[in-house]
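The primary structure of each chain is shown beneath.
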Amino acid sequence: VGRRCDGISNLAGLIAWAAGLLLALLSFERVRRSRYLLFIQAHQLHYLFFGFTCAHWNYGVWYLIPPVVIYAADVILRDCGTYSCTNATARAHAAQGGTPSMITLVLPAPAVGGNSSNTLACPVFGAATDAGDVWAGTTVYLRISSLSPLRALGGWAHPFTVAGSVALQNDGDGGINGTPAARALLVHIAPERGWSRSLSRAVAKAAGGADAHVPGVS
């Protein structure tokens, strides 16, 4: 007795399989580190993968709901935690052939408790400094609108490891009377590929040996 296979689209399954395979191949560490923009663009194939998976097998919708909820929560949390860093500066180090070997971004963070014009806050800055720099080794998603290939849509955000943080000078009582001093994150960027090289060259050109203001940073 033969069995009927109802509700299954083999063509949709083939498209989903191909999208998933391409997504997986472009997610290897070598691609992520050397071609980040290609990796993040190819990663948008997850829409195609999940969409055609559901078209291939209608029960796939039930498997799609949990990751969609988690992804939506992540987008909302990241959007709420993003702020414009209007006073961001950068310093170029040891230029080699017109391109610095590294640049250091200094990114002032929102005031603790929101006691500034910026209503956002970073309460972790209020933690005891005796325990060490709580920011060192964490990750920030950095977006610079002038360098993004899709700046009209908000641009790509690039993840970087935070080297640490420093207290900003001439800010309040500097923590003497219990009010935490404003701090800035330090991010070191090496000019590996297109985006980081463009940023490094722009900083070197604008700085002229001094710290340069970097516009459009969030």
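Our subject is the structure listed above.
All chains use their own residue numbering, which begins from 1 and follows the written sequence. Since the coordinates come from a predicted model, pLDDT governs what is reported: local features require at least 70, and pairs of side-chain atoms require 80 or more to be given and counted, while whole-chain, interface and lining totals use all residues. For the side-chain quantities, the full set of heavy atoms in the structure was used; hydrogens and water were omitted.

### Describing the pairing of strand 3 (residues 139-142)
Thinking step 1. Think of it in three bands: residues with accessible area under 20% of the maximum for their type are buried, residues over 50% are exposed, and the middle band is partly exposed, with areas taken using a 1.4 Å probe on protein chains only. Helical segments are the DSSP runs of H or I of at least four residues, strand segments are the runs of E of at least two, and each set is numbered from the N terminus. The alternating pattern of strand 3 places V140 and L142 on a buried face, while none of T139 and Y141, on the opposite face, is buried.
Thinking step 2. Bridge analysis of strand 3 against strand 4 (residues 158-161) gives four bridges, and the strand direction is antiparallel. Counted as the bridge partner of Y141 is P159 from strand 4. Any two strands are treated as partners once DSSP identifies two or more bridges connecting them.

### Structural notes on a nonpolar patch on the surface
Thinking step 1. There is a patch of nonpolar side chains on the surface, built from I8, W57, Y59, V61, W62, Y63, I65 and V69 and spanning about 870 Å² of accessible area.
Thinking step 2. In this fold, W57 is placed in the loop between helix 4 (45-56) and helix 5 (60-80).
Thinking step 3. Using a relative accessible area of 35% as the deciding quantity, one classes W57 as partly exposed. Patch construction takes residues with relative accessible area above 30% that form no salt bridge. Like charges are linked within 9 Å, and nonpolar side chains (Val, Leu, Ile, Met, Phe, Trp, Tyr) are linked within 5 Å. Only the protein chains shown count as cover for residues, with accessible areas throughout obtained via the Shrake-Rupley method and a probe of 1.4 Å. By definition here, a salt bridge exists when the distance from a side-chain nitrogen of Lys or Arg to a carboxyl oxygen of Asp or Glu is within 4 Å.

### Here's the deal with the nonpolar core
Thinking step 1. Grouped together as the largest cluster of nonpolar side chains are 22 residues, with contacts concentrated most on L105, L107, L142, I189, L199, V214 and V217.
Thinking step 2. Looking at this core, the elements with two or more residues in it are strand 2 (99-108), strand 3, strand 6 (183-189) and helix 6 (194-207).
Thinking step 3. Residue contacts are defined here by distance: any two heavy atoms, one from each residue, within 4.5 Å place the two residues in contact. Residue contacts for I189: discarding those within four places in its chain leaves M102, I103, L105, L142, F160, S196 and L199.
Thinking step 4. We define the nonpolar core as a collection of buried residues of types Ala, Val, Leu, Ile, Met, Phe, Trp, Tyr and Cys that are connected through side-chain atoms lying within 4.5 Å of one another. The next biggest cluster of nonpolar side chains, apart from the first, holds seven residues, and it includes L26, Y36, A42 and W156.

### As for the environment of A163
Thinking step 1. Take A163: it is sitting in the loop between strand 4 and strand 5 (164-167).
Thinking step 2. The class for A163 is partly exposed, based on a relative accessible area of 42%.
Thinking step 3. Counting along the chain gives 28 residues from A163 to W135, while the straight-line C-alpha distance between them is 7.6 Å.
Thinking step 4. If we ignore the near neighbours within four places in the chain, the residues touching A163 are A136, L186 and H188.

### Regarding the pattern of salt bridges
Thinking step 1. Per the stated rule, a full pass over the model turns up one salt bridge.
Thinking step 2. Note that R91 is salt-bridged to D211, the shortest N-O span being 2.5 Å. Here the residue R91 occupies a position in strand 1 (residues 89-96), and D211 occupies one in the loop between helix 6 and strand 7 (212-213), the gap between them amounting to 120 residues.

### Here's the deal with helix 1 (residues 10-25)
Thinking step 1. In this scheme, a helix's expected span is set at 1.5 Å multiplied by one less than its residue total. The end-to-end C-alpha distance of helix 1 is 22 Å, a good match for the 22 Å that 16 residues give at a rise of 1.5 Å each.
Thinking step 2. Buried residues belonging to helix 1 abut helix 3 (36-42) and helix 4.

### Here's the deal with the side chain of H46
Thinking step 1. Of note, H46 is situated in helix 4.
Thinking step 2. A relative accessible area of 18% means that H46 is categorised as buried.

### Considerations on the packing of aromatic side chains
Thinking step 1. A pair of Phe, Tyr and Trp rings is counted when the ring centres sit within 6.5 Å of each other, with Trp represented by its six-membered ring. The angle between the planes then sorts it: under 30 degrees is stacked, over 60 is edge-to-face, the rest tilted. One pass over the structure, following the stated rule, counts three aromatic pairs.
Thinking step 2. Where F49 meets F50, the ring centres are 5.3 Å apart and the plane angle is 70 degrees; that geometry is what we call edge-to-face.
Thinking step 3. A residue is classified by how much of its surface remains accessible, and F50, at 30% relative accessible area, is partly exposed.
Thinking step 4. Between W57 and Y59 the ring centres are 5.9 Å apart and the planes differ by 40 degrees, which places this aromatic pair in the tilted class.
Thinking step 5. Y59 sits in the exposed class, given a relative accessible area of 52%.
Thinking step 6. Ring pairing ties together the aromatic residues W57, Y59 and Y63, which thus form one cluster.

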